[in-house]
Amino acid sequence: GQQLNQSPQSMFIQEGEDVSMNCTSSSIFNTWLWYKQDPGEGPVLLIALYKAGELTSNGRLTAQFGITRKDSFLNISASIPSDVGIYFCAGSIKAAGNKLTFGGGTRVLVKP
Amino acid sequence: EAQVTQNPRYLITVTGKKLTVTCSQNMNHEYMSWYRQDPGLGLRQIYYSMNVEVTDKGDVPEGYKVSRKEKRNFPLILESPSPNQTSLYFCASSPAQRGTEAFFGQGTRLTVV
């Protein structure tokens, strides 16, 4: 089945800096979604992308749907402590009945 | 408040003892699904339901059952739990078609010993 490779697996952030993470796939996706999961909570939908090349922002978050439809990235600008958590990308394909496939997650931690 | 509610939040059980994890949403969503989350594997779909009385298998359905008798409820049933079903489980719902899961529950951490 489809697989999403999400990188990095983990990262440390310092308050105020910009960070970026991405997802790649060997398959084309019709939809890309980005979620954030806080400890002890369920994932929360951050951004949904439906068109190749689409660039969408949600506050300090920006995500893009890659032109090849095989990748997506998420940027966090001016990071703050509450940005810590696990970020998941997910993609769906119409031909597969729009089933969501999730990446393995990027764990964002604060630099000690 | 719009929400997806799962119960229980934590459960420890023994191998072979049937259990049910309940899921309820108050948003009148047609689409609901169950996922399990395991370290490094992200979330994998177990079962989904497009509407009342319509359910179908996801990626990892073995050992699980579901039912959708009412729009708001979508329980997950483990008839004979085994240790490899120890995991973190999430229910999700969406007003739209499959593939745009907008709301997740808070999760149920299940341990099977």
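Preceding block: the structure.
Residues numbered from 1 in each chain as written. Chains lettered and ligands numbered in written order. Predicted model: local features only at pLDDT ≥ 70, side-chain atom pairs only at ≥ 80, totals over all residues. Heavy atoms only, no water.

**Some words on the nonpolar core**
Rules: What we call a nonpolar core is a set of buried Ala, Val, Leu, Ile, Met, Phe, Trp, Tyr and Cys residues that are connected through their side-chain atoms within 4.5 Å. Remark: exposure states derive from per-residue accessible area (1.4 Å probe, protein chains only) relative to the maximum for the residue type, with buried under 20%, exposed over 50%, and partly exposed in between. Note on conventions: DSSP H or I runs of at least 4 residues are helices, E runs of at least 2 residues are strands, and numbering of each starts at the N terminus.
The biggest cluster of nonpolar side chains holds 21 residues, and the ones touching the most others in it are M21, W32, W34, I47, L49, L74 and Y87 of chain A. Looking at this core, the elements with two or more residues in it are β2 (10–13), β3 (19–25), β4 (31–37), β5 (44–49), β7 (61–65), β8 (71–76) and β9 (85–92) of chain A. Of all hydrophobic cores here, the second largest spans 19 residues; its members include L19, M27, W34 and Y64 of chain B.

**Considerations on the interface of chain A and chain B**
Where we set the bar: Note on definitions: a residue-residue contact is assigned when non-hydrogen atoms from the two residues lie within 4.5 Å. Accessible area that two parts lose when put together, with a 1.4 Å probe and added across both, is what the buried area reports. Definition used for salt bridges: Asp or Glu carboxyl oxygen within 4 Å of a side-chain nitrogen of Lys or Arg. Throughout this entry, Asp, Glu, Lys and Arg are counted as charged residues, while Ala, Val, Leu, Ile, Met, Phe, Trp, Tyr, Cys and Pro are counted as nonpolar. The remaining residues, Gly among them, count as polar.
Each partner contributes to the interface: chain A provides 19 residues, whereas chain B provides 20 residues. Taken together, both faces of the contact between chain A and chain B bury some 1,500 Å²; the carbon and sulfur share is 51%. The tally of links from chain A across to chain B stands at one salt bridge. Between K99 of chain A and D59 of chain B there is a salt bridge, with its nearest N and O atoms 2.9 Å apart. The biggest single contributor to the side of chain A that touches chain B is β4 of chain A, with three residues. Tallied by class, residues from the side of chain A that touches chain B come to nine nonpolar, eight polar and two charged.

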